[in-house]
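Residues per chain, in single letters:
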Number of protein chains: 2
Amino acid sequence: VEARIHHAAVSIFGAAGWAGFNLDAVARQAGVGKGSLYLRWNNKEDLLLAALQEKVAFVTAVDTGSARTDLIELALQMLGLYLGDGGPAAMRLGTDFRGAKGVEAHFEALRNSQIAAARLVVKRGVSRGELPRATPITLLLDTLCGGAMMHAIASPQSLHRDSAKVRRYAEELVDFLVAAVVNRSASTA
Amino acid sequence: VEARIHHAAVSIFGAAGWAGFNLDAVARQAGVGKGSLYLRWNNKEDLLLAALQEKVAFVTAVDTGSARTDLIELALQMLGLYLGDGGPAAMRLGTDFRGAKGVEAHFEALRNSQIAAARLVVKRGVSRGELPRATPITLLLDTLCGGAMMHAIASPQSLHRDSAKVRRYAEELVDFLVAAVVNRSASTA
């Protein structure tokens, strides 16, 4: 039942945003009684936050021993976020938090998890001599995360569940951006 | 009056999405009578479309004679789109068109204008020998457009009207991505 409620909550928020989100709609879509929903959650923000924590997960840095592979893992996490169940909800977080402090905080925590993960991966890559010391972390993160988001918005739904194609895009995106990092440093050195 | 109505329409759609968009809210925010609004527009979709056409403009390719400068102009148009009055509305278009065919068509036309502009700029750059023939247009566009969108979402509001800072970001973004295009080609050549 809880999984059904979380799924209904992120899908309604994803489709209609904060303005279209309410406990009645969630109860209807999840097929549970309004009474039991109101008994558990005082307000719609608490319910949405519980669902977001489940379905719009933070990003974490993985240590594979290679900057390229670490960045591909990061790109895959971002693509998984935007192409998955919670994708439309994740894309709304940047614009849809007005009037909901907890939702804004969740967006900031998600963004901070992306910054921390990118920083850690780049730091390790620099210390192993794979990436230049002057790697522009913000540009790299904007283009990695923004590229993943644009791909999710622009590519046909049928490709979203094709994990081989998603991995190929992650590899192409990372190879493209690593070439930027390395060449930029070579030309200014 | 028309400018006020358009401004109110994109700002309400930007803040609350399609689910929170209606003629009454637009009339209230624009300070015009509901009667005159209903007289002009049969439905909320026609009103939103008129406002989007005004405030969420399509992108066009500029021919400055240099691929780098053409791409910077393109990045500036995208940053202008996402950082301007119609920014929140523009960011919503990719997720918020459910139930509104005309809004979906506007999003597709916007996306197509971006693809056409990127293609034209790259084609000219290739013919002048500035860009490699194998320039990956989709990756370049995803990261250019996605980078501009992430920058608009993540950077503080106070920077949005600082045109010197916006131009600097456009230049950094384009130089980063041109380095990717050139280096990628060099390493596979």
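In case you missed it, the structure is sitting above this.
Residues numbered from 1 in each chain as written. Chains lettered and ligands numbered in written order. Predicted model: local features only at pLDDT ≥ 70, side-chain atom pairs only at ≥ 80, totals over all residues. Heavy atoms only, no water.

**What about the overall build of chain A?**
Then step 1. Looking only at helices and strands, chain A has nine helices and zero strands in total.
Then step 2. Taken along the three principal axes of its C-alpha coordinates, chain A extends 65 × 35 × 25 Å.
Then step 3. Across the 189 residues that make up chain A, the buried fraction comes to 53%.
Then step 4. Of the contacts made within chain A by residues no fewer than 6 positions apart, 70% connect residues no fewer than 24 positions apart.
Then step 5. As presented, chain A carries roughly 8300 Å² of accessible surface, and 52% of it is formed by carbon and sulfur atoms.
Then step 6. In chain A, 21 positive and 18 negative side-chain charges are present, and the distance between their average locations comes to 2 Å. (Helix = DSSP H or I, 4+ residues; strand = E, 2+ residues; numbered from the N terminus. Buried < 20%, exposed > 50% of the residue type's maximum accessible area, 1.4 Å probe, protein only. Contact = heavy atoms within 4.5 Å. Areas by Shrake-Rupley, 256 points an atom, 1.4 Å probe, with all protein chains shown as cover. Lys, Arg positive; Asp, Glu negative; His and termini not counted. Charge placed at Lys NZ, Arg CZ, Asp CG, Glu CD.)

**Regarding the packing of aromatic side chains**
Then step 1. Scanning all chains against the criterion turns up four aromatic pairs over all chains.
Then step 2. Ring centres of phenylalanine 13 of chain B and phenylalanine 21 of chain B lie 6.4 Å apart, and the angle between their planes is 90 degrees; this geometry places the pair in the edge-to-face category. The same class applies to phenylalanine 13 of chain B and to phenylalanine 21 of chain B, which are both buried.
Then step 3. Here the aromatic residues Phe13, Trp18 and Phe21 of chain A are joined through ring pairs into a cluster of three or more.
Then step 4. Geometry around tryptophan 18 of chain A places lysine 44 of chain A over its ring, the cationic atom sitting 4.2 Å from the centre. (Phe/Tyr/Trp six-rings, centres within 6.5 Å; stacked < 30°, edge-to-face > 60°. Lys NZ or Arg CZ within 6 Å of the ring centre and 35° of its normal.)

**So, helix H1 (residues 2-16) of chain A**
Then step 1. The end-to-end C-alpha separation of H1 of chain A is 21 Å, in line with the 21 Å expected for 15 residues at 1.5 Å each.
Then step 2. Among the residues of H1 of chain A, those classed as buried are Ile5, His6, Ala8, Ala9, Val10, Ile12, Phe13, Gly14 and Ala16 of chain A.
Then step 3. Residues of H1 of chain A that are buried sit in contact with helix H2 (23-30), helix H3 (34-40), helix H4 (44-55) and helix H6 (87-92) of chain A together with helix H1 (2-16) of chain B. (Expected span 1.5 Å × (residues − 1).)

**Overview of the relation of the copies chain B and chain A**
The two chain copies are connected by a rotation around an axis plus a translation along it.
Then step 1. After a rotation of 180 degrees and a shift along the axis of 0.0 Å, chain B superposes on chain A with an RMSD of 0.0 Å. Such a combination of turn and shift is consistent with a two-fold rotation axis. (Least-squares fit on C-alpha atoms with pLDDT ≥ 70 in both.)

**Concerning the interface of chain B and chain A**
Then step 1. The partner chain A presents 38 residues to the 38 residues of chain B that form the contact.
Then step 2. Here chain B packs against chain A, burying approximately 3000 Å² in sum over the two surfaces, 73% of which is carbon and sulfur.
Then step 3. Per-residue buried area on chain B facing chain A is highest for Leu139, Met150 and Phe176 of chain B; these three make up 23% of the total on that side.
Then step 4. Seen at the junction of chain B and chain A, the total is zero salt bridges.
Then step 5. Between chain B and chain A we count two residue pairs in polar contact (both at pLDDT 80 or more) in total.
Then step 6. Per-element accounting of the side of chain B that touches chain A gives the leading share, twelve residues, to helix H8 (residues 137-154) of chain B.
Then step 7. Here the side of chain B that touches chain A is built from residues that sort into 22 nonpolar, nine polar and seven charged. (Buried area = accessible area lost by both parts, 1.4 Å probe. Salt bridge = Lys/Arg side-chain N within 4 Å of Asp/Glu carboxyl O. Polar contact = N/O pair within 3.5 Å; in protein donor to acceptor, adjacent residues only side chain to side chain. Nonpolar A, V, L, I, M, F, W, Y, C, P; charged D, E, K, R; others polar.)

**Things to note about the pattern of salt bridges**
Then step 1. Under the definition given, this model contains 25 salt bridges over all chains.
Then step 2. A salt bridge links arginine 124 of chain A to aspartate 70 of chain A, with the shortest nitrogen-to-oxygen separation between them at 3.3 Å. Placement of arginine 124 of chain A in helix H7 (residues 101-127) and of aspartate 70 of chain A in helix H5 (residues 67-83) is noted, with a sequence separation of 54 residues between them. In this pair, the class of arginine 124 of chain A matches that of aspartate 70 of chain A, namely buried.
Then step 3. Across the pair aspartate 24 of chain B and lysine 34 of chain B runs a salt bridge whose closest N-O atoms are separated by 3.6 Å. Within this pair, whereas aspartate 24 of chain B is found in helix H2 (residues 23-30), its partner lysine 34 of chain B is found in helix H3 (residues 34-40), the two being separated by ten residues in sequence.
Then step 4. The partly exposed category is assigned to aspartate 24 of chain B, whose relative accessible area is 26%.
Then step 5. For lysine 34 of chain B, a relative accessible area of 45% puts it in the partly exposed group.
Then step 6. Residues joined in a network through salt bridges with shared partners are Asp63, Asp70, Arg124, Arg128 and Glu130 of chain A.

**Here we look at the state of the cysteines**
Then step 1. Scanning the entire structure with this criterion turns up zero disulfides over all chains.
Then step 2. For the unlinked cysteine cysteine 145 of chain A, the closest cysteine sulfur is that of cysteine 145 of chain B, found at 13 Å.
Then step 3. You can call cysteine 145 of chain A buried: its relative accessible area is 0%. (Disulfide = S-S within 2.5 Å.)

**What to know about the nonpolar core**
Then step 1. Formed by 132 residues in total, the largest nonpolar core has its most connected members in Tyr82 of chain A together with Tyr82 of chain B.
Then step 2. Tyrosine 82 of chain A has contacts with Gly87, Ala90, Met91, Gln114, Cys145, Ala148, Met149 and Ala152 of chain A, leaving out every residue within four places of it along the chain. (Core = buried A, V, L, I, M, F, W, Y, C linked by side-chain atoms within 4.5 Å.)

**Things to note about the environment of glycine 33 of chain B**
All names here are of chain B.
Then step 1. Its place among the elements puts glycine 33 in the loop between H2 and H3.
Then step 2. Glycine 33 gets classed as partly exposed once you look at its relative accessible area, which sits at 42%.
Then step 3. Counting along the chain gives 125 residues from glycine 33 to serine 158, while the straight-line C-alpha distance between them is 34 Å.

**Thoughts on the environment of valine 166 of chain B**
Then step 1. Within the secondary structure layout, valine 166 of chain B lies in helix H9 (residues 163-188).
Then step 2. Contact partners of valine 166 of chain B, with chain neighbours within four places excluded, come to Leu76, Leu79, Leu83, Leu159 and His160 of chain B.

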